[in-house]
Amino acid sequence: MRINRQMLLLSLCLLLGTGAAMAQTTAPKVTTHGYVARGSTVALGRCTVSGSNVQEQGFCWSTSPEPTIEDNRSTKYHSHSNTRFYLMEGLEPSTIYYVRAYAINKSNAVGYGDVVKVITLPKGKVTWDYDNGADEAANARINAAVKDAVGYLNTYTSINGLHTSVHYGSGTPTADCSYGGWMRVGPNSSYQRTGTILHELGHAIGVGTHSVWNDGSSPMR
């Protein structure tokens, strides 16, 4: 039987084209890392994605056991040591969520990782005040730092009943805080920062300031 050369070439092109299309629509392979950190209104997840032409990746979540990108999704992340920690925001405290990583390629094929069950924490109830005893610029820095630090505790922990009373200490070299929350912040502007206040709030809840942290047999060590 005579084979028409043009028809043969056309058939090959169609076959190759179909194969290429199939390759493009193959969904990315996605792995959800099993530990998902959670606070009261946020969660942070990690994932591994492989595949070509990935144009979007992140996490999706729902209160139903099979979350998809049609529910809630986020591509926001924090980066640390070449690792992305994807941020899921706007969650309700004390609520069961189901989350998983996803990735979408340029052909809009979606790959999903395994689902992880997450229970958000009760929202923290840490409060604060500051005596505004410094100059205007220092007061602005200290107020902003304390507000941010307390916000972190209320978002990422369920600490309840702590009130920190912050004071300006003209003779305080850095900052200090007692167990229970009485804090001083000194005139050095490099310590009038969120990180410093978070460190001192650790002392407020007993880290290094309560005997349970000094007992070598304590799990708090």
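Above this text is the structure in question.
Reading guide: rules and limits
- Residues numbered from 1 in each chain as written.
- Predicted model: local features only at pLDDT ≥ 70, side-chain atom pairs only at ≥ 80, totals over all residues.
- Heavy atoms only, no water.
- Helix = DSSP H or I, 4+ residues; strand = E, 2+ residues; numbered from the N terminus.
- Expected span 1.5 Å × (residues − 1).
- Buried < 20%, exposed > 50% of the residue type's maximum accessible area, 1.4 Å probe, protein only.
- Contact = heavy atoms within 4.5 Å.
- Polar contact = N/O pair within 3.5 Å; in protein donor to acceptor, adjacent residues only side chain to side chain.
- Pairing = 2+ DSSP bridges.

Participant: Even after reading the chapter, I still don't get helix α2 (residues 136–156), so can you show me in this structure?
Facilitator: Each full turn of the α-helix corresponds to 3.6 residues, which orients residues three or four apart in the same direction. With 21 residues, α2 extends 30 Å between its outermost C-alpha atoms, agreeing within 8% with the 30 Å of an ideal straight helix rising 1.5 Å per residue. Restricting attention to buried positions, one finds in α2 the residues Ala 138, Asn 139, Ile 142, Ala 145, Val 146, Ala 149, Val 150, Leu 153, Asn 154 and Thr 155. For α2, the secondary structure elements touched by its buried residues are β12 (125–130), β13 (160–168), β15 (182–185) and α3 (194–204). Near the N-terminus of α2, the side chain that reaches the backbone nitrogen of Ala 137, with its oxygen 3.1 Å away, is that of Asp 135.

Participant: It is not clear to me how the pairing of strand β11 (residues 116–119) should be interpreted in this structure. Could you clarify?
Facilitator: Along a regular strand, successive side chains alternate from one face of the sheet to the other. The two faces of β11 differ: Val 116 and Val 118 on one face are buried, but Lys 117 and Ile 119 on the other face are not. Pairing between strand β9 (residues 96–105) and β11: four bridges, direction antiparallel. Its bridge partner being in β11, Ile 96 is matched across the sheet by Ile 119.

Participant: Help me understand the sheet that holds strand β8 (residues 83–88), please; the structure alone is not making it clear to me.
Facilitator: Sheet strands pair via backbone hydrogen bonds, and the direction of the pair is either parallel or antiparallel. Read from one edge of the open sheet, four strands run β2-β3-β8-β7, paired in antiparallel fashion. Because the sheet does not close on itself, it has two edges, and the strands there are β2 (37–38) and β7 (77–80). Judged from the four bridges that link them, β7 and β8 form a sheet pairing that is antiparallel. By the bridge assignment, Ser 79 is partnered in β8 with Arg 84.

Participant: Please clarify how the environment of Phe 85 should be interpreted in this entry.
Facilitator: By secondary structure assignment, the location of Phe 85 is in strand β8. Relative accessible area serves as the criterion here: at 26%, Phe 85 is assigned to the partly exposed category. Each C-alpha atom, one on Phe 85 and one on Thr 75, is 9.9 Å from the other, the two residues being ten residues apart in sequence.

The quantities given are spatial measurements derived from coordinates; they are silent on function.
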